[in-house]
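# A structural walkthrough
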Amino acid sequence: MLSLTITERLARARSDLRLGLPVAITGERTVLVAAVEALGPDRLEQMRALGPLVLAITPRRAETLKARAYDGDVARIAVGTAPLSWLTAAADPAGDLASPMKGPFETLRGGDAAAHRVGVALAKTAQLLPAIVAVEAASCEGLTTLPAAAALDALAREPLLAPVVSARLPMAASEAGRVHIFRPEDDTAEHYAIEIGRPDRDAPVLARLHSACFTGDVLGSLKCDCGPQLRAALAEMGAQGAGVLLYLNQEGRGIGLANKMRAYALQDQGFDTVEANHRLGFEDDERDFRIGAGILREMGFGAVRLLTNNPAKIRMMETHGVKVVERVPLKVGQTAQNAGYLATKALKSGHLL
């Protein structure tokens with residue numbers, strides 16, 4: 001009567017991975033997966049006692065390690081008797097320059113890699129390093145269990161968000177402010193819509209999709225232009241008397257604050273933003289802008305004048321039911337410290353700067 005939906009099981013699985021617990025993925029066979037970042041030595045040995053261990057990583061991380069991703073979207077590497085320190089070094093690029101040769105690797109090919117795909121995808125959505133240890137098991141009693149096919153399908157679906165509450169909030173940008181809270185059904189982070197004035201739902205609204213940036217928005221970081229963009233967007237909406245700013249909790253282009261700090265540490269070693277993300281095992285940008293389109297539709301907006309320098313946001317809006325009638329440039333916050341960051345955004349991510 002009270003059985004869990006696949007979405008609820010995924011929420012439990014993310015929590016379990018962050019705690020260092022294995023999750024059981026079922027399909028042709030049952031495979032236990034655990035996130036390398038959170039795994040302790042005792043639990044690793046318990047998994048090793050069940051059979052041969054496999055390390056699964058993304059093609060981006062595999063490229064750095066010179067391992068082959070025979071499965072296309074995931075690389076499977078035989079672990080053998082390697083200790084936890086070896087797994088950690090393979091997952092985390094912090095020591096790549098000091099210790100570049102971690103192989104040779106026995107990269108696996110053939111067989112079903114669905115469980116490994118689920119594990120890596122779950123680690124990403126849990127904002128952990130995208131590297132998991134896997135082992136086949138005859139029993140999974142007491143562990144969160146996920147059917148592989150259903151899990152992959154659910155992870156690919158557009159997130160569903162429900163409005164929770166809204167309340168008036170006078171702000172420096174405008175006394176006529178209102179904050180709306182939206183909660184996703186999958187128990188990931190809540191997202192916010194800041195409404196300025198009373199925008200006409202029948203006309204294109206001045207809108208901004210702003211991804212959370214703790215370092216820029218709160219600390220005034222000079223490494224990015226996020227804080228100035230946030231304040232400039234709100235100020236422009238206040239000056240025009242209407243607008244909506246979506247504050248999406250997708251820190252670090254969707255990889256989370258801990259991984260963003262890892263990327264910053266790699267940048268201190270000489271890598272640019274994109275290179276750092278790739279070495280960590282992530283894509284250039286892991287954000288899901290479908291969330292923004294969903295919130296706008298839920299609020300009754302069908303067309304926007306989008307404050308952005310990022311063409312990807314425009315494409316995603318158009319693809320998911322929100323018409324972009326105008327791109328409004330937002331070129332603020334350039335500093336000597338973020339010149340390289342902005343140049344990389346223009347060269348490698350197509351930002352119009």
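Chains are numbered independently. Their residues run from 1 in the order of the written sequence. The predicted origin of the model limits local features to residues at a pLDDT of at least 70 and limits the giving and counting of side-chain atom pairs to 80 or more, whereas totals for whole chains, interfaces and linings rest on all residues. For side-chain calculations, the full set of non-hydrogen atoms in the structure is used, while hydrogens and water are omitted.

As a reminder of what qualifies: UniProt positions are given in the numbering used here, feature names are shortened, and annotations may be inferred rather than shown by experiment.
The name given to the protein in an unreviewed UniProt entry is GTP cyclohydrolase-2, with Falsirhodobacter algicola as the source organism. In UniProt, the protein has this text filed under Function (unreviewed entry): "Catalyzes the conversion of GTP to 2,5-diamino-6-ribosylamino-4(3H)-pyrimidinone 5'-phosphate (DARP), formate and pyrophosphate." Under the UniProt heading Sequence similarities (unreviewed entry), the note attached to the protein is "Belongs to the GTP cyclohydrolase II family."

## Quick notes on a nonpolar patch on the surface
So the rule is basically this: Surface patches are drawn from residues lacking salt bridges whose relative accessible area is over 30%; two like charges belong together within 9 Å, two nonpolar side chains (Val, Leu, Ile, Met, Phe, Trp, Tyr) within 5 Å. Here the Shrake-Rupley method, with its probe set to 1.4 Å, supplies the accessible areas, and only the displayed protein chains count as covering residues. Only one rule defines a salt bridge in this text: a Lys or Arg side-chain nitrogen within 4 Å of an Asp or Glu carboxyl oxygen. Helix and strand definitions follow DSSP, with helices as H or I runs of at least four residues and strands as E runs of at least two, each counted in order from the N terminus.
On the surface, a nonpolar cluster with roughly 440 Å² of combined accessible area is contributed by Phe-214, Val-218, Leu-219, Leu-257 and Met-261. Those elements giving two or more residues to the nonpolar patch turn out to be helix 7 (214-218) and helix 10 (257-268). On the secondary structure map, Phe-214 appears in helix 7.

## Looking at the sheet that holds strand 7 (residues 161-168)
In sheet architecture, strand pairing relies on hydrogen bonds along the backbone and comes in two forms, parallel and antiparallel. In plain terms, the rule: Two strands pair if DSSP finds at least two bridges between them. A fitted line through C-alpha atoms represents every axis, and for helices the fit uses only the stretch in contact; the resulting angles, taken between N-to-C directions, go from 0 to 180 degrees.
The mixed open sheet is built from seven strands, whose spatial order is 7-8-9-11-10-12-13. Each having just a single partner strand, strand 7 and strand 13 (323-328) make up the two edges of the open sheet. Taking the axes of each pair of neighbouring strands and ignoring which way they run, one obtains an average angle of 25° across the sheet. Alignment of strand 10 (residues 205-211) against strand 12 (residues 303-307), held across three bridges, turns out to be parallel.

## Concerning the pattern of salt bridges
Here is the rule we go by: Relative accessibility decides the category of a residue: with a 1.4 Å probe and only protein chains considered, values under 20% of the type maximum give buried, values over 50% give exposed, and everything between is partly exposed.
All told, the structure shown has 19 salt bridges when counted by the stated rule. Two residues, Asp-288 and Arg-290, come together in a salt bridge whose shortest N-O distance is 2.9 Å. Residue Arg-290 is classed as buried on the basis of its relative accessible area, which comes to 17%. Via salt bridges that share partners, Glu-37, Asp-92 and Arg-262 belong to a single interconnected network.

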